[in-house]
Amino acid sequence: MRMPDRNDLIDYVEDTAGQDRDVQRRILHMLASSQVMRESMAELKRDLYLISAQVPDYAPDASTGAELLRLSQTWIQLVYERKFSLRHFHRSREFYGLMLALGGVTLLILGMIGFSLMGK
Amino acid sequence: MKQESLPPIKTVYHALENAAVDIYGFAVVCHGGATWSAEPDMMDALLLGLESFWFVDGVDGQLSHREFREELFRAVWDKCKESGREKPMPARIGTEVPMGHDEMAFYHLPQLPRAALYLRTKKRFSYASIALVVGGSEGVVRSEVEKAREFLLGRRVRAMEWSEDNF
């Protein structure tokens, strides 16, 4: 068990600690019984809050929602077209499956012809 | 989401909506606050996510991007990072988004520290995840975030003195 370093303290305050998060948390809880430690953590929290207040965040508006609906419609339409339309059949998985099956059958026939010729 | 069976449009829309809410701020921040150029890149990333099957059924049975969250953020980052462009993208302060005085300093940061600090502060990403998104090492990301914090705060983030030494 190691003592938490500066980065661990910052991670702890930001609540994004790494793998040994629980161990660090336990140590920090023990250390938090000290007045000095509590004051330092409060200062650290204040600093990170001041930084966080300067970082903007945005939310999409209604026009983005409309774009998303169009995107999902377009995508589903595209996939169905690829799957079922004759025009886009050459791009579908079924087409490749069919090609594979035809290739297999051709090879089998060629093999059978070859064997029968060798037998004669 | 399996390739063989397509979910209904409502399910796809809700998954896209959740993903859009998640990545929207990141795309705008990467574009220096300009929503008009961020939105097309974000839509392209979402379409790439659909095409690459990054939307999968979660434990609650809902279609979600959670499992491939880093990949989706990375797609947004790849779309709008500076290296592929001829000129570095300047901050477009006051173009579309109404910004207060507090946000001005943030847009004076270069693109990489801006993106890294945003992911760390608002999205609670670990340093390893940020490195995965922006394509660098964890140490570089950590130092960039540290420098960005120093810039915004005007000094180093306070911490206990004993913690500076390795025990």
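The sections below set out a description of the structure shown in this document. (Residues numbered from 1 in each chain as written. Chains lettered and ligands numbered in written order. Predicted model: local features only at pLDDT ≥ 70, side-chain atom pairs only at ≥ 80, totals over all residues.)

## Quick notes on the overall build of chain A
- Counting its secondary structure elements, chain A contains 5 helices and 0 strands.
- Relative to the globule expectation of 14 Å for 120 residues, the C-alpha radius of gyration of chain A, 33 Å, shows a markedly less compact shape.
- Its C-alpha atoms give chain A principal-axis dimensions of about 100 × 50 × 15 Å. (Helix = DSSP H or I, 4+ residues; strand = E, 2+ residues; numbered from the N terminus. Rg over C-alpha atoms; globule rule 2.2 N^0.38 Å.)

## Focus: the overall build of chain B
- What chain B contains, in helices and strands, is 7 helices and 2 strands.
- For chain B, with 167 residues in total, the buried portion stands at 37%.
- For chain B, the share of sequence-separated contacts (at least 6 apart) that also reach a separation of at least 24 residues comes to 64%. (Buried ≥ 20, exposed ≤ 12 C-beta atoms within 10 Å, placed from the backbone. Contact = placed C-beta atoms within 7 Å.)

## Remarks on the interface of chain A and chain B
- Each side of the interface is counted separately: chain A has 37 residues, and chain B has 39 residues.
- Of all the elements in the fold, those that place two or more residues in the side of chain A that touches chain B are α1 (6-14), α3 (35-54) and α4 (62-84) of chain A.
- When grouped by side-chain class, the residues that make up the side of chain A that touches chain B number 20 nonpolar, 9 polar and 8 charged. (Nonpolar A, V, L, I, M, F, W, Y, C, P; charged D, E, K, R; others polar.)

## Here we look at the environment of D57(A)
- With respect to the helices and strands, the residue D57(A) is situated in the loop between α3 and α4.
- For D57(A), a count of 14 C-beta atoms within 10 Å corresponds to the partly exposed category.
- In this structure, D57(A) is in contact with G25(B) and K122(B), ignoring residues within four places of it in sequence.

## Quick word on the packing of α4(A) against helix α2 (residues 35-51) of chain B
- Contact geometry of α4(A) with α2(B) gives a least axis separation of 11 Å together with a crossing angle of 30°. In the packing of α4(A) onto α2(B), the handedness of the crossing is right-handed. Between α4(A), through T64(A), E67(A), L71(A) and W75(A), and α2(B), the contact on the second element is made entirely by E39(B), M43(B), L46(B), L47(B) and L50(B).
- Across the contact of α4(A) with α2(B), the residue classes tally to 6 nonpolar, 1 polar and 2 charged. (Axes fitted to C-alpha atoms, helices over the stretch in contact; angles between N-to-C directions. Left-handed = near helix turned anticlockwise from the far one by under 90°.)

## Regarding the packing of helix α1 (residues 9-30) of chain B against α2(B)
Residue and element names in this part refer to chain B.
- Relative orientation of the contacting elements α1 and α2 amounts to 135°, with a least axis distance of 9 Å. With respect to α2, the axis of α1 lies oblique. Between α1 and α2 lies a crossing of right-handed hand. Here L16, A19, A20, I23, Y24, A27 and V28 of α1 lie close against α2, whose contacting residues are T35, A38, D41, M42, A45, L46 and G49.
- A breakdown of the residues in the contact of α1 with α2 according to their chemical character gives 11 nonpolar, 2 polar and 1 charged. (Parallel < 35°, antiparallel > 145°, perpendicular 65-115°, else oblique.)

## Overview of unusual backbone geometry
Residues and elements named next belong to chain B.
- For F53, which is not glycine, the phi dihedral falls at a positive 60°.
- Looking at where F53 falls in the secondary structure, it is placed in the loop between α2 and β1 (56-57).
- Residue R124 is not a glycine yet carries a positive backbone phi of 60°.
- For R124, the location among the structural elements is in the loop between α5 (111-121) and α6 (127-134).

## Some words on the nonpolar core
- Counting residues in hydrophobic clusters, the biggest one holds 46 residues, and the most contacted among them are I23(B), F26(B), A27(B), M42(B), V76(B), A115(B) and A116(B).
- Taken together, the elements giving at least two residues each to this core come down to α1, α2, α3 (69-80), α5, α6 and α7 (138-153) of chain B.
- For this core, the element with the highest residue contribution is α1(B), accounting for 12 residues.
- Residues within four places of I23(B) in sequence aside, it is in contact with M42(B), A45(B), L72(B), F73(B) and V76(B).
- Grouped together as the second largest cluster of nonpolar side chains are 6 residues, L9(A), I10(A), V13(A) and L44(A) included. (Core = buried A, V, L, I, M, F, W, Y, C linked by C-beta atoms within 7 Å.)

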